[in-house]
Protein chains: 2
Amino acid sequence: MQRRDFLARAALGTAAASLAACGKSETPPPASTAPVPAAPVEQAPAPVVQGALPFVRWRLTSSFPRSLDTIFGGAEVLADRVRAMTGGRFDIRVFQGGEIVPGLQAFDAVEQGTVEVAHTCSYYYVGKDKTFGFGTSMPFGMNARQMNAWIYYGGGQELLDDFYGNFNVMSFAGGNTGVQMGGWWRKTVAKPEDLKGIKMRIAGLGGAVFAELGVIPQQIAGGDIYPALERGTIDAAEWVGPYDDERLGFYKVAKNYYYPGWWEPGPMIHFFVNKTEWAKLPREYQEAFQAAAYEANVLMMARYDHQNPIALAKLLQSGVKLQQFSEPILSAAYKAAQQLYADEAAKNPGFKKVLAAYDKYRRTQNAWFSVAENRMDVFLQSQA
Amino acid sequence: MQRRDFLARAALGTAAASLAACGKSETPPPASTAPVPAAPVEQAPAPVVQGALPFVRWRLTSSFPRSLDTIFGGAEVLADRVRAMTGGRFDIRVFQGGEIVPGLQAFDAVEQGTVEVAHTCSYYYVGKDKTFGFGTSMPFGMNARQMNAWIYYGGGQELLDDFYGNFNVMSFAGGNTGVQMGGWWRKTVAKPEDLKGIKMRIAGLGGAVFAELGVIPQQIAGGDIYPALERGTIDAAEWVGPYDDERLGFYKVAKNYYYPGWWEPGPMIHFFVNKTEWAKLPREYQEAFQAAAYEANVLMMARYDHQNPIALAKLLQSGVKLQQFSEPILSAAYKAAQQLYADEAAKNPGFKKVLAAYDKYRRTQNAWFSVAENRMDVFLQSQA
């Protein structure tokens, strides 16, 4: 008898006696007649030449600049892993926003077949249809873990791919930033009334909700935010979170750093792939791409979670004042957001369909997260 | 000029004008002399036969029974993806706990080379050395996202692999259950004094901490818990969370469902691989394995997050009473845990080394999570 076989059999014989310590690892006692699977004697005595897998080159356009290394890096994580898994045969070249198409046209470039794949946020495209908002983040929507649950197991993937299918595009979750911060404010705001007339650099649905409260949303390119904030042309500006924000130096000209960024509770980044190009891939490459997308998804969140505390500590040492949006402001914004969703649903059946599913899901999730997860987190935070 | 080339160039020309909407997707204006990467004309005109990749068969022993489909399923996620990515050439066969070796000997089986890989919890092996606790979960330790940050970016992987290296084993994160529940209690407990003499089915470091508070930890196999709880032989029993707990029916004999399970704030499950076997793998298979482990990690957490709220709702409809561990009980347990760690560190230098890094990291993480993440979650939960 092989040594391994012996050990396997010997171990099996003592299974019943050693089950006591942890029920989770327990199994029913094995039937004595159950065949013991043989351990492999040796790996692959005769290597076989693999069936002809073609060289494939894809281009990936990111919506992000290389300088946002964590969010941009998600695409590199995917491309590097896919390349390594396929011995370099499936080669996805990553371009930053603007190299092939402007960052905000990444999705369109996939639809049109200019590139095979994009790494971008679906909510950049709410101008086409507000339904694009759900894939990334809705104001007061789901957090990072909840988004994963919805996309992977809660029907979100199917709902959204049905929608993206209108553009000959399919999606793969590919990152998350976690809750973003509420941006840099020159002055503090305590009540909803304090928001009236505030000029804030904020885009998308978050800007639309703020507008309902009297904020005047401003569309300003990243490089122009700092001088605008410094001169007082704008009163506030939102960006991402501590790690990305710190490097742009906003804290030097606006000391009040608000939280939470309720317009982005758990923004998911996606890989969008042209369906026609996807269908041409060998099965092995489709599988490699999918696995690497999961990796990019979990790693981006972990990398932000690792970096944000370090950056926030630096910011606080620079004299930044952390400010919490007050309950009345959050409540007013929440109400405005729900009204905006109801209005859009009344005129957009596609939006209505996704909203119904999304909203039901987030309520169920929040009910659960309010129990063990929240109680644990709050207690632990109080001990730190 | 190819149509794609044209579109790419045309789009590039308008890059500067369209940067306004979202700074995050912004890039520096491309230099006019920058070469425009050519779009691939067609995929792989001449497929080339891939270098000889061997057939490899591995056996994976899980510590878990198939009936715990989500935690057991993590190993199937990995094996299925690896198989599909390699065209069936890297074949990892998954066995439930007890089929090859007992669940609680999975790590040893890898060390001894009985199997190439195990899917298990490192804290099952604290009997060898309490340092094994850190890889899974420590009482009052890190939550699921924090564990990912620590393992992937915070130095946790290197620290733990250094330790596992003593056993010729290396590790890959491969799942998480999220915060577990605090178990099923026949009677309520309000103060630390109420814990004295309570017979509770709980193992590992959680049991050791409870023992400091007067609880009498019981080691009882899963199938025996229900009758013991029913007869009153034990007063309480912990298992996992709503999804796994509901199916065992404890709610029929102990109505008080406590939270949070402070002994497991974010238990990580790992794939442990024999280093000698790993070194034999072709690079492509090592890469495939790693990507699939990331996938298993993110999917298990998402699957639990999806299922737990549904199960908890059912439990509540069955008359289960949710009970929160009181602040005095949590505080007493927290204090006992810190003392236990200090005592162990005083006599175990390896434990001391990992504890120092782990403890610093969790404090930094909790400081950050108490800001935007917690405020957002608490507000959203209050609206549900």
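Residues numbered from 1 in each chain as written. Chains lettered and ligands numbered in written order. Predicted model: local features only at pLDDT ≥ 70, side-chain atom pairs only at ≥ 80, totals over all residues. Heavy atoms only, no water.

K.L.:
Teacher, can you tell me more about the packing of helix 7 (residues 204-212) of chain B against helix 12 (residues 327-347) of chain B here?
P.N.:
Relative orientation and spacing of two packed helices are given, respectively, by the angle between their axes and the distance between those axes. Residues and elements named next belong to chain B. Contact pair helix 7 / helix 12: the axes reach a minimum separation of 9 Å and the direction vectors enclose 115 degrees. One way to sum up the angle between helix 7 and helix 12 is to call them roughly perpendicular. With respect to the hand of their crossing, helix 7 and helix 12 are arranged in right-handed fashion. Contacts from Leu205, Ala208, Val209 and Glu212 of helix 7 reach helix 12 at Ala333, Ala336, Ala337 and Leu340. Looking at side-chain class alone, the contact of helix 7 with helix 12 contains 7 nonpolar, no polar and 1 charged residues. (Axes fitted to C-alpha atoms, helices over the stretch in contact; angles between N-to-C directions. Helix = DSSP H or I, 4+ residues; strand = E, 2+ residues; numbered from the N terminus. Parallel < 35°, antiparallel > 145°, perpendicular 65-115°, else oblique. Left-handed = near helix turned anticlockwise from the far one by under 90°. Contact = heavy atoms within 4.5 Å. Nonpolar A, V, L, I, M, F, W, Y, C, P; charged D, E, K, R; others polar.)

K.L.:
What should I look at first to understand the pairing of strand 1 (residues 56-62) of chain A in this one?
P.N.:
Regular strands have side chains that alternate between both faces of the sheet. Residue and element names in this part refer to chain A. Across the 7 residues that make up strand 1, a large majority, 6, are buried. Sheet topology note: the strand 1/strand 2 (residues 90-95) ladder contains 6 bridges and is parallel. When the bridges of strand 2 are listed, Thr61 appears paired with Phe95. Traced from strand 1 through helix 2 (residues 69-85) to strand 2, the parallel crossover comes out right-handed. Summarising the sheet, strand 1 and strand 3 (residues 117-120) pair through 3 bridges and their orientation is parallel. If you follow Leu60 over to strand 3, its bridge partner there is Val117. (Buried < 20%, exposed > 50% of the residue type's maximum accessible area, 1.4 Å probe, protein only. Pairing = 2+ DSSP bridges. Right-handed = clockwise from strand over helix to strand, strands pointing away.)

K.L.:
Can you help me understand the packing of helix 11 (residues 283-317) of chain A against helix 11 (residues 283-317) of chain B in this one?
P.N.:
Packing of helix 11 of chain A against helix 11 of chain B leaves a shortest axis separation of 8 Å and a crossing angle of 60 degrees. It follows from the interaxial angle that helix 11 of chain A and helix 11 of chain B lie oblique. Here the hand of the crossing between helix 11 of chain A and helix 11 of chain B comes out left-handed. Along the contact surface, helix 11 of chain A presents Ala291, Tyr294, Glu295, Asn297, Val298 and Leu299 of chain A, while helix 11 of chain B presents Ala291, Tyr294, Glu295, Asn297, Val298 and Leu299 of chain B. For the contact of helix 11 of chain A with helix 11 of chain B, the class distribution of residues is 8 nonpolar, 2 polar and 2 charged.

K.L.:
Would you explain the nonpolar core in this entry?
P.N.:
Proteins that are soluble and globular tend to have nonpolar side chains buried together. The biggest cluster of nonpolar side chains holds 265 residues, and the ones touching the most others in it are Trp150 and Phe289 of chain A together with Trp150 and Phe289 of chain B. Residues in contact with Phe289 of chain A, not counting those within four places in the same chain, are Trp58, Leu78, Val82, Phe90, Ile92, Val117, Phe172, Phe271, Val273 and Trp278 of chain A. (Core = buried A, V, L, I, M, F, W, Y, C linked by side-chain atoms within 4.5 Å.)

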